Amino acid sequence: MAHILSLVNQKGGVGKTTSAVNIAAALGDMGKRVLLIDSDPQGNATSGVGIRKKGIEHSIYDVIIGNCEAKDAVITTNFRNLSVIPSHITLAGAELELADADRRESRIKDALKTLEDDYDYMIIDCPPSLGLLSINALTASSGVIIPMQCEYFALEGLTQLLLTIKLVKKHYNSALDIVGILITMYNGRLNLTTQVMDELKKYYADKLFKTVVARNVRLSEAPSFGEPILYYDKNSKGAAAYADIAKELTERLD
């Protein structure tokens with residue numbers, strides 16, 4: 001049965017999609033069968049693995065609304081052991097369409113049940129909000145990865161996110177757990193970075209990934225070429241970081 005992991009942070013611009021794409025690709029390169037699920041209407045994870053949005057026949061929107069089965073939306077990428085259920089801008093209206101629907105928080109969970117034996121890992125990239133799409137992802141997941149920057153507001157946002165995870169665990173998914181907090185865009189020369197890291201180590205030491213993702217130009221360039229960093233520049237620091245994170249993730253879960 002697959003490990004289903006959501007990458008969640010209601011704060012935008014924290015490297016969430018970058019982490020989802022590159023962790024998924026790194027796991028695939030390790031020989032794991034991986035399905036990346038893009039549940040963000042912006043669709044950046046979709047284009048980040050080289051899928052042209054104009055040519056998409058079915059997306060996660062169709063799966064959530066019930067227009068198709070999950071397997072019908074799966075697209076095989078050009079990268080080792082990596083498939084994707086893409087997103088589409090129509091997903092932006094899904095929360096309104098599901099407002100009065102039965103089991104509206106469990107649409108992704110119900111859909112993925114048919115695929116659990118086909119993959120070792122399912123990685124869900126969530127939108128930068130704590131709305132129904134993120135609740136759906138958390139309800140479907142066995143674990144959460146929280147990407148965050150070393151900034152003051154990130155600490156404030158973490159408190160709200162942890163509360164949301166607690167509520168989802170109480171009402172919808174008792175198996176939900178925090179797999180790890182992943183530090184992104186790390187700059188060790190800043191005093192604020194050191195201060196935030198000290199706070200995180202004080203309260204969440206057991207949840208922090210050992211590897212941090214430093215600011216890296218090659219990592220920023222890769223999405224515009226539709227490639228995970230491992231394929232865009234396998235010798236870059238970003239590729240090495242996400243390979244280490246994927247390895248640490250398997251050690252925690254397998």
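A brief look at the structure comes next. (Residues numbered from 1 in each chain as written. Predicted model: local features only at pLDDT ≥ 70, side-chain atom pairs only at ≥ 80, totals over all residues. Heavy atoms only, no water.)

## Concerning the overall build of the protein
A tally of helices and strands in the protein yields 12 helices and 7 strands. Here the C-alpha atoms of the protein give a radius of gyration of 17 Å, agreeing with the 18 Å that 2.2 N^0.38 yields for 254 residues. Counting only C-alpha atoms, the protein reaches 50 × 40 × 30 Å along its principal axes. The buried share of the protein, taken over its 254 residues, is 54%. Total accessible area on the protein stands at roughly 11800 Å², and carbon and sulfur atoms take up 49% of it. Side-chain charges of the protein comprise 28 positive and 31 negative groups, with the mean position of each set lying 5 Å from the other. (Helix = DSSP H or I, 4+ residues; strand = E, 2+ residues; numbered from the N terminus. Rg over C-alpha atoms; globule rule 2.2 N^0.38 Å. Buried < 20%, exposed > 50% of the residue type's maximum accessible area, 1.4 Å probe, protein only. Areas by Shrake-Rupley, 256 points an atom, 1.4 Å probe, with all protein chains shown as cover. Lys, Arg positive; Asp, Glu negative; His and termini not counted. Charge placed at Lys NZ, Arg CZ, Asp CG, Glu CD.)

## Quick word on the packing of helix H8 (residues 152-171) against helix H9 (residues 191-204)
At a minimum axis distance of 9 Å, the contact between H8 and H9 shows a crossing angle of 25°. As judged from the angle between their axes, H8 and H9 are roughly parallel. In contact with Tyr-152, Leu-155, Leu-158 and Leu-162 of H8, H9 contributes Leu-192, Val-196, Glu-199, Leu-200 and Tyr-204. Tallied by class, the residues present in the contact of H8 with H9 amount to 8 nonpolar, no polar and 1 charged. (Axes fitted to C-alpha atoms, helices over the stretch in contact; angles between N-to-C directions. Parallel < 35°, antiparallel > 145°, perpendicular 65-115°, else oblique. Contact = heavy atoms within 4.5 Å. Nonpolar A, V, L, I, M, F, W, Y, C, P; charged D, E, K, R; others polar.)

## Some points on the environment of Leu-98
For Leu-98, the location among the structural elements is in the loop between helix H5 (94-97) and helix H6 (107-112). Overall, Leu-98 belongs to the buried group, its relative accessible area being 4%. Distance from Leu-98 to Lys-71, taken between C-alpha atoms, is 21 Å for residues 27 residues apart in sequence. With residues up to four places along the chain from it excluded, the contact list for Leu-98 reads Ile-64, Ile-65, Arg-104, Arg-107 and Leu-132.

## Details of the packing of helix H7 (residues 132-140) against H8
As a packed pair, H7 and H8 sit with axes 10 Å apart at the nearest point and diverge in direction by 55°. As summarised for this structure, H7 and H8 are arranged oblique, according to the angle between their axes. Two packed elements cross with a definite hand, and for H7 against H8 that hand is right-handed. Within the contact between the two elements, H7 uses Ile-135, Leu-138 and Thr-139 and H8 uses Thr-164, Ile-165 and Val-168. Taken together, the residues that form the contact of H7 with H8 break down as 4 nonpolar, 2 polar and no charged. (Left-handed = near helix turned anticlockwise from the far one by under 90°.)

This is a description of form; function is not addressed.
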